[in-house]
Amino acid sequence: QVQLVESGGGSVQAGGSLRLSCAASGRTFSSYSMGWFRQAPGKEREFVATIARALTSYADSVKGRFTISRDNAKNTAYLHMNSLKPEDTAVYYCAAKFGYTTMLRAIQYDYWGQGTQVTVSS
């Protein structure tokens, strides 16, 4: 069982930056693929980024602006978000799945955090 806790959300103006953190319980964090998803009001949850070992993948909408990373010594995954846009406003969730492949679909993940709100104003 893995427990995930997100933090770092908040309100920023367009063009600003935020760093989200996802702290994971357990001693085998390095064996998990991690993902970030987001859900805006009235919309389905959508893929943002994933990392498995050193491999990463991004949604086209965030490519070049967001960076996913992980610190296995701290059992933490990060989402660095730059050049934020109002359309990035959503609840952001981190997710985990045992294994070493990048995964882009929410259904592929077994564990989820509670989410953290990101609001970008114009």
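Computed from a predicted structure; not experimentally measured.

*Asks:* Got a minute to help me understand the overall build of the chain in this structure?
*Replies:* Assigned secondary structure in the chain consists of 0 helices and 11 strands. When the helices and strands of the chain are placed in sequence order, the string is β-β-β-β-β-β-β-β-β-β-β. Considered along the principal axes of its C-alpha atoms, the chain spans approximately 40 × 25 × 25 Å. Taken across its 122 residues, the chain has 45% of its residues classed as buried. At a minimum sequence separation of 6, the contacts of the chain that also span at least 24 residues come to 61%.

*Asks:* Teacher, can you tell me more about the state of the cysteines here?
*Replies:* When the sulfur atoms of two cysteines share a covalent bond, that bond is a disulfide. Under the definition given, this model contains 1 disulfide. A disulfide bridge connects Cys22 with Cys94, and the sulfur atoms are separated by 2.0 Å. Residues Cys22 and Cys94 share a disulfide whose torsion about the S-S bond is about 55°; that sign makes it right-handed. Of this pair, Cys22 sits in strand S3 (residues 18–24) while Cys94 sits in strand S9 (residues 90–98), and the two are 72 residues apart along the sequence. The residues Cys22 and Cys94 share a single accessibility class, namely buried.

*Asks:* Just to check I follow, could you spell out the environment of Asn72 for this structure?
*Replies:* Topologically, Asn72 is positioned in the loop between strand S7 (66–71) and strand S8 (76–81). Taking C-alpha positions, Asn72 is 11 Å from Gly26, a pair spaced 46 residues apart along the chain. Once you skip the residues sitting within four places of it in the chain, Asn72 turns out to touch Phe29 and Ser30.

*Asks:* Hey, could you run me through the nonpolar core in this one?
*Replies:* Within soluble globular proteins, side chains that are nonpolar generally end up buried alongside one another. Of all hydrophobic cores here, the largest spans 36 residues; its most connected members are Leu4, Met34, Trp36, Leu79, Met81 and Tyr92. Considering every element that reaches this core, the biggest residue donor is S9, with 5 residues.

*Asks:* Any chance you could explain the side chain of Arg38 here in plain terms?
*Replies:* Looking at where Arg38 falls in the secondary structure, it is placed in strand S4 (residues 32–39). Within the structure, Arg38 has its side chain in polar contact with the side chain of Asp88 (distance 2.9 Å). Of note is the side chain of Arg38, whose polar atom sits 2.9 Å from the side chain of Tyr92.

*Asks:* Which parts of the structure should I look at to understand unusual backbone geometry?
*Replies:* Most peptide bonds take the trans form, and the phi angle of most residues other than glycine is negative. Notably, Asn75 is not glycine yet its phi reads approximately 55°, a positive angle. What makes Asn75 buried here is its relative accessible area of 17%. Of note in the backbone geometry, Ser83 takes a positive phi value of approximately 50° without being a glycine. Turning to its location among the elements, Ser83 is positioned in the loop between S8 and S9.

*Asks:* Honestly, the environment of Tyr78 in this entry has me stumped. Any pointers?
*Replies:* Relative to the assigned elements, Tyr78 resides in strand S8. With 20 residues separating them along the chain, Tyr78 and Phe98 place their C-alpha atoms 18 Å apart. Beyond its immediate stretch of four places on either side in the chain, Tyr78 contacts Arg19, Leu20, Ser21, Trp36, Thr67, Ile68, Ser69, Arg70 and Asp71.

*Asks:* How should I be thinking about the side chain of Glu6 in this particular structure?
*Replies:* Of note, Glu6 is situated in strand S1 (residues 4–7). Of the side chains with opposite charge, Arg45 comes closest to the buried, unpaired Glu6, at an N-O distance of 7.4 Å. At a separation of 2.8 Å, a polar atom in the side chain of Glu6 contacts the main-chain amide nitrogen of Cys94. Apart from the residues within four sequence positions on either side, Glu6 is in contact with Ser21, Cys22, Trp36, Tyr92, Tyr93, Cys94, Gly113, Gln114, Gly115 and Thr116.

What counts, and at which threshold
- Residues numbered from 1 in each chain as written.
- Predicted model: local features only at pLDDT ≥ 70, side-chain atom pairs only at ≥ 80, totals over all residues.
- Heavy atoms only, no water.
- Helix = DSSP H or I, 4+ residues; strand = E, 2+ residues; numbered from the N terminus.
- Buried < 20%, exposed > 50% of the residue type's maximum accessible area, 1.4 Å probe, protein only.
- Contact = heavy atoms within 4.5 Å.
- Disulfide = S-S within 2.5 Å.
- Core = buried A, V, L, I, M, F, W, Y, C linked by side-chain atoms within 4.5 Å.
- Polar contact = N/O pair within 3.5 Å; in protein donor to acceptor, adjacent residues only side chain to side chain.
- Lys, Arg positive; Asp, Glu negative; His and termini not counted.
- Salt bridge = Lys/Arg side-chain N within 4 Å of Asp/Glu carboxyl O.

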